[in-house]
Number of protein chains: 2
Amino acid sequence: MQKLQADLILSGNHLLPDSTHKNVVNSGAIAIKGDTIIAIGTQKKLLEAYQPDQHIHTEHGLIMSGLINTHTHAAMACFRGLADDLPLMTWLEEHIFPVESRWTPDAVYQSTLLSLAEMIKSGTTSFCDMYLFTKEVARATEESGMRAWLGEVFYDFPSPCYGASENGFAYVDELFAHYRDHPLISVTANPHSVYTCSPDLLTRLGTVAQDNDALYTIHLSENEAEVATCKERYNCSPVEHLKQLDLLGSKTVAAHCVMLDDREIKLLAKHNVKVSHCQESNMKLASGTAPIVKMLEAGITVGIGTDGAASNNDVDMFGEMNTVAITHKVARMDSTAMNAEQTLYAATLAGAKVLNAEKQTGSLEIGKKADIIVLNMNQPHLTPMYNLPSHLVYAARGADVVHSIINGRVVMKDRILTTLNEPEILARMREIGQNVTNHGKD
Amino acid sequence: MQKLQADLILSGNHLLPDSTHKNVVNSGAIAIKGDTIIAIGTQKKLLEAYQPDQHIHTEHGLIMSGLINTHTHAAMACFRGLADDLPLMTWLEEHIFPVESRWTPDAVYQSTLLSLAEMIKSGTTSFCDMYLFTKEVARATEESGMRAWLGEVFYDFPSPCYGASENGFAYVDELFAHYRDHPLISVTANPHSVYTCSPDLLTRLGTVAQDNDALYTIHLSENEAEVATCKERYNCSPVEHLKQLDLLGSKTVAAHCVMLDDREIKLLAKHNVKVSHCQESNMKLASGTAPIVKMLEAGITVGIGTDGAASNNDVDMFGEMNTVAITHKVARMDSTAMNAEQTLYAATLAGAKVLNAEKQTGSLEIGKKADIIVLNMNQPHLTPMYNLPSHLVYAARGADVVHSIINGRVVMKDRILTTLNEPEILARMREIGQNVTNHGKD
């Protein structure tokens, strides 16, 4: 019998199509044609049916969906460890803002490349980013081959990128036009927060989102100070403020949502607002612990984000999953809370849902885009193996990922990046890092 | 000029002798003779002065003290992921105890080897263990070349290892005799807890500790249930109970200490009791968050432990440091709490102090034993580098460790274990793991 053609077959000891342990395929394989998954099954079955141009077999490999980081600031990788263990305002005003005010497009481009390298090497295949100089972020992202939702941040004060807001709208119009039909990059509308954006700015960006059928991504109810400021100015909470401005909807992606009461949770659920949960950053900045378990009970779709490397200090979604799963147990004094499958779901298919992209990515299904990672399970910390989601959430780390395929393209093989020049990126970033600290010494 | 002889010189871009960033030696090196550090300085200086038999240079390497895991149950590596996300008693009584009741000396030996491999590969050079079949644990540990404090656990019910307590005392007498002058292995006295050991048993083990000048290691105030049981039985808290039995002292190592009030903290400080803080396990089992910052303020020496892999689910001390540093920030709503240097200190020199071994290990100093790890800093998640303790606590992971030297002996080079046969250990553990689950299906 004539074999069918496939561009790539991946095979390994285990294939986990989603976040459910019982769905594991032992001696599994997946076939890809172009950017799309065309078959999933046992190695035997797939190799009988398909003739692949390329076959990557990983004996102790686990084949799974790539992880989805629903909130980050990739270019802030350059600030990792620049200043830690400080009060939030000291950190921002004395360390981050001064460096950002001198920030150049090239530094953003280079620093984004660094974060892309780190994300791919730790198993992330899709991310949602909010930052400055988004054309540079997008240029780096295109080179990497990652799937991304990218937005230029807006606030009431002048931006290091575009100056006055007015120029910002022209800047994002160009972004939307340029990436309209891009297979991997989607542009988002991106107010920074309710405390840095006037109601007019928030509303106008809502119109931009609607006009472009784009996500509306915003930091929301991140900490007590934000809530207090909002109450003082508008006599309501940040969630209520967005509600009054008619900005709560299924394409609203709210990052953090630490300070929510039960009524606000209901409101987010009612409007099908998506939440990006950034636990490690919320801990490091002492913002608090978001009531994620309650949000899930209310039916809210919750994805996981690392936030930027300046407040995490890494973008390893495996580490983030571990923190999420154990934090909510102790926060609720309930060891059954946020179990491994729920947590893995949040980092995969729920992440895709947060980004309104569940038809494209977030699980291994025929017809979906091929966003796939392979882990090497032949390691002491992953042996023996009783339950895959448990290992992935409680024991695995980004460094266990050996191959990464995004949109059908191999972007990492045997931990070597194929789209990015890692040694060059690291060398360049060391120079940029030296400039950052030398400037501080002036 | 005649060069001095050294057995081994390690050199690399950075050498961090302790937990303080300002003490970094750039282009640093360290010379070792036998089991001892004999010189620390720049590469230039050391290579001019010494002729080493072996020279390991790691261009982007960071040379630092190995990490000290002050509380684990190595052999429980076999149970990693066997059962998670369950109430504590269901987990113990329906999953862990049934398997442990069928536990054989060989399974303990093999499973300990697995954990030793994981510990070395994630940068731990010393550990304090509490488990069953300690002769097997010690045999595996001797093979690995790790530095360890090992104890056979006692409780009022029969042990799978020695049966009745009486036999247990004979068993530990043999252990003490066998390891009396061992360069790497120290035996400890090891009551499980105040709720599983009668006052008589606790006291008798206190005498064993005293007679052998050994550590007295115990789980203490781990959770609400323990405190409630103790209050019901003895009308006092676990700490008060030990106080009344005259068992609080500088060689008492209390693991967990989650449920302490201010008065108990003062009591532990007054008696110079050492604390092993196991945050990830306390979170995963929903036990609570130990008041570590208060303990440090009271002058208590606090080390870090991973607890066993059955409740963590790894023994990666880098991940544990990250969790410790960020948890106490959010628990106290203070982003300056438990800073990177404090956390790194807890995982190194304070860990050595917990084990009364600060003259031997815990920092790189001339005359101390050579317990040293080297990390590869030439990676996206560790670039650029502004502050080493920050990177080590907030961004590094066990997989970044490339070489490990314990007591002057190279136990891992380029991530290949030299004392243990990793492929054989993994293959054997897969078989043992299959027996564990097959038995459950009978």
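This one's a predicted model, so the numbers in the text were calculated from it and none came from an experiment. (Residues numbered from 1 in each chain as written. Chains lettered and ligands numbered in written order. Predicted model: local features only at pLDDT ≥ 70, side-chain atom pairs only at ≥ 80, totals over all residues. Heavy atoms only, no water.)

### Some thoughts on the domain arrangement of chain A
All names here are of chain A. Here is the rule we go by: Each domain's extent was defined by an automatic or database domain assignment. The contact criterion used is simple: two residues touch if any of their non-hydrogen atoms lie within 4.5 Å. For any pair of parts, buried area is found by adding up, for both, the accessible area (1.4 Å probe) each one loses once the two are put together. A carboxyl oxygen of Asp or Glu within 4 Å of a side-chain nitrogen of Lys or Arg is what we treat as a salt bridge. Side-chain atoms alone can form a polar contact between residues adjacent in sequence; in general such a contact is a pair of N or O atoms within 3.5 Å, and within protein one must be able to donate a hydrogen while the other accepts it. Comment: elements are numbered from the N terminus, with helices defined as DSSP H or I runs of at least four residues and strands as E runs of at least two.
For chain A, the assigned domains are domain 1 (4–65 + 365–407) and domain 2 (67–354). Averaged C-alpha coordinates put domain 1 and domain 2 at centres separated by 29 Å. At the junction of the two partners, domain 1 supplies 27 residues and domain 2 supplies 30 residues. The contact between domain 1 and domain 2 buries some 2000 Å² in all, and 63% of this surface belongs to carbon and sulfur atoms. For domain 1, the biggest contributors to the area lost against domain 2 are V393, Y394 and I406; these three give 30% of the whole. Taken together, the links from domain 1 to domain 2 amount to one salt bridge. The partner of R147 in a salt bridge is D371, and the shortest N-O contact between them spans 2.7 Å. Summed over the shared surface of domain 1 and domain 2, the number is five residue pairs in polar contact (both at pLDDT 80 or more). Elements with a contribution of two residues or more to the side of domain 1 that touches domain 2: strand 4 (50–65), strand 13 (372–376), helix 15 (388–394) and strand 14 (401–406). For the side of domain 1 that touches domain 2, the element with the most residues is helix 15, which contributes five residues.

### Some details on the relation of the copies chain A and chain B
Our working rule: Here the copies are superposed with least squares, the fitted atoms being C-alpha atoms of residues at a pLDDT of at least 70 in both.
Mapping chain A onto chain B calls for a screw motion: a turn of 180° about the axis and a shift of 0.0 Å along it, with 0.0 Å RMSD after fitting. The two molecules are tied by a two-fold rotation axis, judged by turn and shift. In terms of proximity to the rotation axis, the leading residue of chain A is A399(A), whose C-alpha is 3.3 Å off the axis. Of the interface residues in chain A, 100% have counterparts in chain B that sit at the interface too, so the contact is made through matching surfaces.

### Considering the sheet that holds strand 11 (residues 274–277) of chain A
Residues and elements named next belong to chain A. Our working definition: Strand pairing is assigned whenever DSSP identifies at least 2 bridges connecting the two strands. Angles run from 0 to 180 degrees between N-to-C directions of axes, and those axes are lines fitted to C-alpha atoms, restricted for helices to the stretch in contact.
Strand order across the open sheet formed by four strands is 9-10-11-12, with parallel pairing between neighbours. Of all the strands in the sheet, the pair left with one neighbour each is strand 9 (216–220) and strand 12 (302–304). Neighbour-to-neighbour, the strand axes of this sheet turn through a mean angle of 30°, independent of strand direction. Here strand 11 runs beside strand 12; their pairing, made up of three bridges, is parallel. Considered in strand 12, the bridge of H277 is made with I304.

### What about the nonpolar core?
The following threshold applies: Nonpolar cores are built from buried Ala, Val, Leu, Ile, Met, Phe, Trp, Tyr and Cys residues. Side-chain atoms within 4.5 Å join them into one set. The rule is simple: take the accessible area with a 1.4 Å probe, protein chains only, and divide by the maximum for that residue type; under 20% is buried, over 50% is exposed, in between is partly exposed.
In this structure, M295(A), L375(A), F79(B), M295(B) and L375(B) are the most contacted members of the largest nonpolar core, which totals 243 residues. Contacts of M295(B), omitting those with residues within four sequence positions, involve C257(B), L260(B), I265(B), V275(B), A290(B), I300(B) and V302(B). By size, the runner-up hydrophobic cluster in this structure holds 16 residues, among which are L10(A), I32(A), A370(A) and I372(A).

### Focus on the packing of helix 12 (residues 317–332) of chain B against helix 13 (residues 340–347) of chain B
Residues and elements named next belong to chain B. So the rule is basically this: Angle categories: roughly parallel below 35 degrees, roughly antiparallel above 145, roughly perpendicular from 65 to 115, and oblique for all the rest. Crossing handedness: left-handed means the near helix sits turned counterclockwise from the far one by under a right angle, and right-handed means the same turn made clockwise. The nonpolar class holds Ala, Val, Leu, Ile, Met, Phe, Trp, Tyr, Cys and Pro. Asp, Glu, Lys and Arg form the charged class, and all remaining residues, Gly among them, are polar.
Where helix 12 meets helix 13, the closest approach of the two axes is 10 Å, and the angle between their N-to-C directions is 135°. By the angle between their directions, the pair helix 12 and helix 13 is classed as oblique. Here helix 12 and helix 13 pass one another in a crossing that is right-handed. Of helix 13, the residues touching helix 12 (which contributes M317, M321, V324 and A325) are T343, L344 and A347. Taken together, the residues of the contact of helix 12 with helix 13 break down into six nonpolar, one polar and no charged.

### Observations regarding the side chain of H403(B)
Residue and element names in this part refer to chain B. Locating H403 in the fold gives a position in strand 14 (residues 401–406). In terms of polar contacts, H403 uses its side chain to reach the side chain of T58, at 3.0 Å. Excluding residues that lie within four positions of it along the chain, H403 makes contacts with I56, T58, I372, I373, V374, M412, K413 and D414.

### So, the interface of chain A and chain B
Taken together, the contact pairs 65 residues of chain A with 65 residues of chain B. Surface buried jointly by chain A and chain B totals about 4800 Å² across both partners, of which 62% is contributed by carbon and sulfur atoms. At the junction of chain A with chain B, the criterion picks out four salt bridges. Here D314(A) makes a salt bridge to R397(B), at a shortest N to O gap of 3.4 Å. With seven residues, helix 16 (residues 422–440) of chain A is the single largest residue contributor to the side of chain A that touches chain B. Partitioning the side of chain A that touches chain B into residue classes produces 28 nonpolar, 23 polar and 14 charged.

### What to know about the environment of E136(B)
Residue and element names in this part refer to chain B. One can find E136 in helix 4 (residues 134–144). Each C-alpha atom, one on E136 and one on P105, is 6.3 Å from the other, the two residues being 31 residues apart in sequence. Other than its neighbours up to four places away in sequence, E136 contacts P105, V108 and Y109.

### A few points about helix 7 (residues 224–234) of chain B
All names here are of chain B. Condition: By construction, the arc corresponds to the directions joining the helix axis to the C-beta atoms.
Among the residues making up helix 7, those that are buried are E226, V227 and C230. Around the axis of helix 7, the buried residues are gathered within 95° of arc, so they sit on the same side. Residues of helix 7 that are exposed and point over 90 degrees away from its buried face: E224 and E232. Contacts from the buried residues of helix 7 go to strand 9 (216–220) and helix 8 (238–244). Two residues or fewer after helix 7 comes N235, characterised by a positive phi angle close to 60°.

### Some details on the packing of aromatic side chains
Residue and element names in this part refer to chain A. Definition in use: Here a Phe, Tyr or Trp ring, Trp counted by its six-membered ring, pairs with any other such ring whose centre lies within 6.5 Å, and the pair is stacked when the planes are under 30 degrees apart, edge-to-face when over 60, and tilted otherwise.
Inspection of every chain in the model, using the stated rule, returns ten aromatic pairs over all chains. Seen in terms of ring centroids, F154 and F169 are 4.8 Å apart; in terms of plane orientation they differ by 40°. Their pairing is tilted. Here the residue F154 occupies a position in the loop between strand 7 (147–152) and helix 5 (165–179), and F169 occupies one in helix 5, the gap between them amounting to 15 residues. Residue F154 shares its accessibility class with F169, and that shared class is buried. Relative to Y171, the ring of Y162 lies with its centre 6.5 Å away and its plane at 45°, an arrangement referred to as tilted. Owing to a relative accessible area of 7%, Y162 belongs among the buried residues under this scheme. Among the aromatic residues, those joined into a ring-pair cluster are F154, Y162, F169 and Y171.

### Observations concerning the pattern of salt bridges
A full pass over the atoms with the stated rule returns 37 salt bridges over all chains. Here D106(B) ties to R428(B) by a salt bridge, and the two come within 2.9 Å at their closest N and O atoms. Of the two residues, D106(B) is situated in helix 3 (residues 105–121) and R428(B) in helix 16 (residues 422–440); the sequence distance between them amounts to 322 residues. Relative accessible area serves as the criterion here: at 28%, R428(B) is assigned to the partly exposed category. One salt-bridge network, held together by shared partners, links D106(A), R428(A) and E431(A).

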